[in-house]
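What follows is the residue order along each chain.
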Amino acid sequence: MTAQLIDGNALSKQLRAQVAERAAALKAQGVTPGLAVVLVGDNQASQVYVRNKVKACQDSGLHSVLEKYEADMSEAELLARVEALNNDPSIHGILVQLPLPAHIDAQKVIEAISPLKDVDGFHIASAGALMTGMPGFWPCTPYGCMKMLESIGYDLKGKHAVVIGRSNIVGKPMALMLLQKNATVTICHSGTRDLKAQTLQADVIVAAVGKRNVLTADMVKPGAVVLDVGMNRNDEGKLCGDVDFDGVREVASHITPVPGGVGPMTITMLLVNTLEAAERAAAGA
Ligand code: NAP
């Protein structure tokens, strides 16, 4: 069996067209959805990420502001900027690009963002909302993975999902989202004793580790759905995921490529969250 690709670029295009339509409808009511992206310091990868996020906003008709600060900005100054954005009615979503310089407490900054504008879904209130099934913003990467499963009409009820990785931004929220859709969920991490024994039982595998070839063909049950969140470089310096793509695609029923899989979906879900924040604000929620 050669797996069907779940094309993150194609799905993103569809979803971004819907975002643009809804953004235009809001604009007609006098509200332009707005995202503020705050970058502190000159981390090369972060600069690329924020540029892509701002461009994606512009392409979908969202207003976006990029605030760039020197690496020596103080924590108090950054907190004051976040507070100003919290109070700015033209801004519906606030994203502070991580990592922050070491002298700034990233968690403190995230907690300073209003949960109503926490479009990254990293605030503790957003995490609590996800855990309890209350309305809130879901972290963009696992949210994008859920949209990918939805796009292939996959019913998670009663399925066994194995998530490899337990970070606060990918693995843990991913597991909660799968659980909310009635999958039976196993979370694996660096202390998991026999990863292969776990993944071989899975109907759905989400790899979110950050190491090449964490998942190889011999670890996958025939017909499983495999989502690859990882972003690594291979020996030639090319972007690759956590999954041995060429091997696993011969066993899985569906697989996401890297690049062109989960990556574009992450930015797309940021747009969706920003739009939803604006719609809620417009509705006075
Ligand atoms: P992270 O915070 O470093 O977490 C990695 C997780 O993998 C940890 O929970 C770790 O376990 C676990 N792990 C490490 N080695 C393992 C092993 N051999 N077997 C099983 N589990 C293992 O990383 P992250 O932020 O979640 O990101 C994960 C990957 O996704 C990275 O490559 C990142 O670049 C990528 N990513 C991509 C997107 C996107 O848009 N495509 C977005 C976010 C992240 P412990 O907890 O025990 O240490």
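Every value quoted in this text rests on a predicted model; they were computed, and no experiment measured them. (Residues numbered from 1 in each chain as written. Predicted model: local features only at pLDDT ≥ 70, side-chain atom pairs only at ≥ 80, totals over all residues. Heavy atoms only, no water.)

*Asks:* I'm lost on the site of the ligand in this one. Help?
*Replies:* Around the ligand there are 18 residues in total, and Arg-166, Ser-167, Ser-190, Lys-211 and Thr-266 lie nearest to it. Val-229 places a main-chain nitrogen or oxygen 3.4 Å from an oxygen atom of the ligand. With respect to the ligand, the side chain of Thr-266 contributes an N or O atom lying 2.7 Å from an oxygen atom. Classifying every residue of the shell around the ligand gives seven nonpolar, nine polar and two charged. (Near = heavy atom within 4 Å. Polar contact = N/O pair within 3.5 Å; in protein donor to acceptor, adjacent residues only side chain to side chain. Nonpolar A, V, L, I, M, F, W, Y, C, P; charged D, E, K, R; others polar.)

*Asks:* Would you take a moment to explain the packing of helix H6 (residues 140–151) against helix H7 (residues 171–180) for this structure?
*Replies:* Relative placement of two packed helices is described by the angle separating their axes and the distance separating the axes. Relative orientation of the contacting elements H6 and H7 amounts to 35 degrees, with a least axis distance of 9 Å. In the crossing of H6 with H7, the sense of the turn from one axis to the other is right-handed. Facing Pro-142, Tyr-143, Cys-145, Met-146 and Leu-149 of H6, the residues of H7 in contact are Pro-173, Met-174, Met-177 and Leu-178. Tallied by class, the residues present in the contact of H6 with H7 amount to nine nonpolar, no polar and no charged. (Axes fitted to C-alpha atoms, helices over the stretch in contact; angles between N-to-C directions. Helix = DSSP H or I, 4+ residues; strand = E, 2+ residues; numbered from the N terminus. Left-handed = near helix turned anticlockwise from the far one by under 90°. Contact = heavy atoms within 4.5 Å.)

*Asks:* Help me understand unusual backbone geometry, please; the structure alone is not making it clear to me.
*Replies:* Glycine aside, the phi torsion of most residues is negative, and most peptide linkages are trans. With omega at 0 degrees, the peptide bond leading from Leu-98 into Pro-99 counts as cis. Omega for the peptide link from Val-258 to Pro-259 comes to 0 degrees, which places this bond in the cis form. For Pro-259, the location among the structural elements is in the loop between strand E11 (254–255) and helix H10 (262–282). Its identity as a non-glycine residue notwithstanding, Asn-182 has a phi of 70 degrees, on the positive side. Along the chain, the position of Asn-182 falls in the loop between H7 and strand E6 (184–188). The residue Asn-213 is not glycine, and still its phi comes out positive at about 55 degrees.

*Asks:* Help me understand the pattern of salt bridges in this model?
*Replies:* Side-chain pairs of opposite charge can arise whenever the charged atoms involved come near each other. Using the criterion set out here, one finds 10 salt bridges in the structure. A salt bridge links Asp-59 to Lys-55, with the nearest nitrogen and oxygen atoms 2.7 Å apart. Of this pair, Asp-59 and Lys-55 both sit in helix H2 (residues 44–59), four residues apart, which is roughly one turn of the helix. By relative accessible area, Asp-59 is classed as exposed at 53%. By relative accessible area, which is 48% here, Lys-55 ends up partly exposed. Across the salt bridge formed by Asp-203 and Lys-221, the nearest N and O atoms sit 2.8 Å from each other. Here Asp-203, found in the loop between helix H8 (195–199) and strand E7 (204–207), pairs with Lys-221, found in the loop between E7 and strand E8 (225–228); they are 18 residues apart in sequence, far enough to count as distant. Overall, the relative accessible area of 19% leaves Asp-203 in the buried class. (Salt bridge = Lys/Arg side-chain N within 4 Å of Asp/Glu carboxyl O. Buried < 20%, exposed > 50% of the residue type's maximum accessible area, 1.4 Å probe, protein only.)

*Asks:* Explain the packing of aromatic side chains here, please?
*Replies:* Each aromatic ring pair is specified by the distance between its two centres and by the angle formed by the two planes. This model, assessed by the stated rule, comprises one aromatic pair. Here the aromatic rings of Trp-138 and Tyr-143 are separated by 5.3 Å at their centres, their planes lie at 70 degrees, and the arrangement is edge-to-face. Taken as a pair, Trp-138 and Tyr-143 share a single burial class, namely buried. Lying over the aromatic face of Tyr-154, Lys-159 brings its terminal NZ or CZ to 5.1 Å of the ring centre. (Phe/Tyr/Trp six-rings, centres within 6.5 Å; stacked < 30°, edge-to-face > 60°. Lys NZ or Arg CZ within 6 Å of the ring centre and 35° of its normal.)

*Asks:* For this particular structure, what's the right way to read the domain arrangement of the chain?
*Replies:* The figure often quoted for interface size is the accessible area lost as the parts come together. The domains assigned to the chain are domain 1 (30–116) and domain 2 (140–262). One C-alpha centre belongs to domain 1, the other to domain 2; they are set 29 Å apart. (Domains from an automatic or database assignment.)

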